[in-house]
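Here are the chains, one letter per residue:
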Amino acid sequence: EVYARELIPELVAAAPQTQFTAFVNREAAAVSNAPWGELIPAVTVPVRARNRVEWVRGEQQLLPRLASRAGVDLVHSLASTAPAWGRFRRVVTIHDLSYRLVPEAHLGLLGLGMRVLVPLGARCSHRIIVDAASTREDLDRVLRISPTKVDVVPLGLGAESRATPLPEAELRTRLAAGERRIALCVAAKRPHKNLVRLLGALALIPAERRPLLVLPGYSTSHEDDLRQRAVELSITDDIRFLGWVDAEELEGLYAAAACFVFPSLLEGFGLPVLEAMARGVPVACSGRGSLAEVAGDAALRFDPESERAIAASIECLLGDRAQAERLRVAGRERAAQFSWAATAAGTLACYERAFAGAR
């Protein structure tokens, strides 16, 4: 959703002579204050996003017909899968190959579907966009997709701060945080986000220096495993499992955090890292794949499979004020290098290659 919300206005601004149409599911059609339906016309594909079978039927059967009826020349699919047919050029953004590289990220029917639909979309599309060069390498190595068909177009800054932060005193009261320092990790509670090792790392930090770890994000079945692991490690009082938080509370968390930690095993890009950097929060993150590309030297990078390495990075950010201040400055500078205007420019260039028949 961040991708669509931020990209659409920039595409419209960069290509005012181009007519854009958004094809959205029922849930997205009902959302207010979205660029689809306001900046550009929107056509509702009559499926529910949360029903995966409906989603596939909508993309593979209904969307091609609706797009042809609307007279579009090119369809850009934003979420790693794409229609396999249609009288139009096709571009797909494949954010990562997590379904293959970290299969625990997509279990059951979803995992099986991804194993079919992602390769299908990659092969049937005229061009492919990836967020990072590491994903282009994965496409070549895993799916045998030629790099000449793939354009690397980094994302923009992510969700920019547009809300007034919840006052820190109120936030700390909600969290029962007292005066403790806060370590923040904004990540879906899914296995490949590697939160179980983050909990192990937290337990390795001596209690007198241990920060309060705050984990906002929607609940999943994996959260039960994480809560059980916290019990086993005797750190339940050191963790706050939050569900969805509103924009004001999220901005308050960023403002109050002493550090941001992101131990994911695989990311297509790593928007949360940039979002934290832009807000001046010192970052420690996994050094794998796209995260290394995005963070550069503006974050401490660690081996995500080493709990000791994760713990050492957290302790460094909390204990070395000079290092933390360096990363605050470097992070802001790094985040400023990524813009949605540049993403739109790269996307439009990809469209041109698709029309030119480059494969």
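Residues numbered from 1 in each chain as written. Predicted model: local features only at pLDDT ≥ 70, side-chain atom pairs only at ≥ 80, totals over all residues. Heavy atoms only, no water.

J.: Whenever I open this one, the pairing of strand β11 (residues 283–286) confuses me. Can you help?
T.: A regular strand carries its side chains on alternate faces of the sheet. Two elements, strand β10 (residues 259–262) and β11, share three bridges in a ladder whose sense is parallel. Residue pairing for β11: F260 is matched across the bridge by V283. Note on the crossover from β10 through helix α11 (residues 271–278) to β11: the handedness is right-handed. Pairing of β11 with strand β12 (residues 300–302) involves three bridges; the strand directions are parallel. In the strand pairing of β12, S286 is matched with F302. Remark: the β11/helix α12 (residues 289–295)/β12 crossover connection has right-handed handedness. (Pairing = 2+ DSSP bridges. Helix = DSSP H or I, 4+ residues; strand = E, 2+ residues; numbered from the N terminus. Right-handed = clockwise from strand over helix to strand, strands pointing away.)

J.: What should I look at first to understand the pattern of salt bridges in this one?
T.: Pairing between side chains of opposite charge can happen when their charged atoms approach one another. If you walk through the whole model with that rule in mind, you get 18 salt bridges. A salt bridge links D151 to R353; its shortest N-O distance comes to 3.2 Å. With D151 in strand β6 (residues 150–152) and R353 in helix α15 (residues 340–356), the pair connects residues that are 202 residues apart, well separated along the chain. When its relative accessible area of 9% is taken as the criterion, D151 is described as buried. (Salt bridge = Lys/Arg side-chain N within 4 Å of Asp/Glu carboxyl O. Buried < 20%, exposed > 50% of the residue type's maximum accessible area, 1.4 Å probe, protein only.)

J.: Any chance you could explain the packing of helix α7 (residues 168–175) against helix α10 (residues 247–256) here in plain terms?
T.: For any two helices packed against each other, the geometry comes down to the angle between their axes and how far apart the axes lie. Taken N-terminus to C-terminus, the directions of α7 and α10 make an angle of 100°; their axes are 10 Å apart at the nearest point. With respect to α10, the axis of α7 lies roughly perpendicular. Residues E168, L171, R172, R174 and L175 of α7 lie in contact with α10, whose contacting residues are E249, G252, L253 and A256. Of the residues belonging to the contact of α7 with α10, the class tally is four nonpolar, one polar and four charged. (Axes fitted to C-alpha atoms, helices over the stretch in contact; angles between N-to-C directions. Parallel < 35°, antiparallel > 145°, perpendicular 65-115°, else oblique. Contact = heavy atoms within 4.5 Å. Nonpolar A, V, L, I, M, F, W, Y, C, P; charged D, E, K, R; others polar.)

J.: Before we go on, may I ask you to explain helix α9 (residues 222–232) in this structure?
T.: An α-helical turn contains 3.6 residues, so a residue and the one three or four places further along point in the same direction. Taken together, the buried positions of α9 are H222, E223, L226 and A230. Projected down its long axis, α9 shows its buried positions confined to an angular sector of 100°, all on one face. In the stretch just after α9, S234 is the one whose phi turns positive, near 60°. (Arc of directions from axis to C-beta.)

J.: Any chance you could explain the sheet that holds strand β4 (residues 89–93) here in plain terms?
T.: Two modes of strand pairing occur in sheets, parallel and antiparallel, and in both the strands are linked by backbone hydrogen bonds. Ordered in space as β3-β4-β5-β6, the four strands form an open sheet in which the pairing is parallel. For this open sheet the edge positions go to β3 (74–77) and β6, each flanked by a neighbour on one side alone. Each strand axis lies, on average, 20° off the axis of its neighbour in the sheet, ignoring direction. The sheet contact formed by strand β5 (residues 127–130) and β6 spans three bridges and is parallel. Counterpart to V130 in the pairing with β6 is V152.

J.: For this particular structure, what's the right way to read the sheet that holds strand β8 (residues 212–215)?
T.: Strands sit in the order β9-β8-β7-β10-β11-β12 across an open sheet of six strands; the sheet is parallel. Looking at strand neighbours, the two that pair on one side only are β9 (239–241) and β12, the edges of this open sheet. Averaged over all pairs of adjacent strands, the angle between strand axes in this sheet comes to 20°, irrespective of strand direction. Looking at chain direction, strand β7 (residues 182–184) and β8 are connected through three bridges and run parallel. Looking at β8, one finds that A183 is bridged to L213. In the packing of helix α8 (residues 195–204) onto the sheet, contacts are made with β8, β9 and β10, and the angle to β8 comes to roughly 165°.

J.: Looking at this structure, how should I read the pairing of β3?
T.: Every second residue of β3 is oriented toward a common face, with L74 and H76 on one face and V75 and S77 on the other, all of them buried. Relative to β4, β3 runs parallel, the two being bridged by four bridges. In the sheet register, H76 faces β4, and the bridge partner there is V91.

J.: Help me understand the nonpolar core, please; the structure alone is not making it clear to me.
T.: Nonpolar side chains in soluble globular proteins tend to end up buried together. Grouped together as the largest cluster of nonpolar side chains are 87 residues, with contacts concentrated most on L175, L198, L215, I239, F260 and M277. In terms of residues, this core owes the most to one element, α15, which gives six residues. Beyond its immediate chain neighbours, meaning those up to four positions away, L175 contacts I182, L212, V214, R240, L242 and L253. (Core = buried A, V, L, I, M, F, W, Y, C linked by side-chain atoms within 4.5 Å.)

J.: I'm lost on the side chain of T220 in this one. Help?
T.: Examined against the element boundaries, T220 turns out to sit in the loop between β8 and α9. Within the local environment of T220, its side chain forms a polar contact with the backbone oxygen of K189, the two atoms lying 2.2 Å apart. (Polar contact = N/O pair within 3.5 Å; in protein donor to acceptor, adjacent residues only side chain to side chain.)

J.: Can you help me understand the environment of E248 in this one?
T.: Mapped onto the elements of the fold, E248 is located in helix α10. Given the relative accessible area of 36%, E248 is considered partly exposed. Sequence separation between E248 and P167 is 81 residues; the distance between their C-alpha atoms is 9.0 Å. Those residues in contact with E248 that sit more than four places away from it in its chain are A163, T164, P165 and L166.

J.: Sorry if this is basic, but what is going on with the packing of aromatic side chains here?
T.: The description of an aromatic ring pair rests on the distance of the ring centres and on the angle between the ring planes. Applying the stated criterion across every chain, the model contains five aromatic pairs. Each residue in the set Y254, F260 and F262 is aromatic and connected to the rest through ring pairs, giving one cluster. Sitting over the ring of Y254, R279 keeps its end group 4.7 Å from the ring centre. (Phe/Tyr/Trp six-rings, centres within 6.5 Å; stacked < 30°, edge-to-face > 60°. Lys NZ or Arg CZ within 6 Å of the ring centre and 35° of its normal.)

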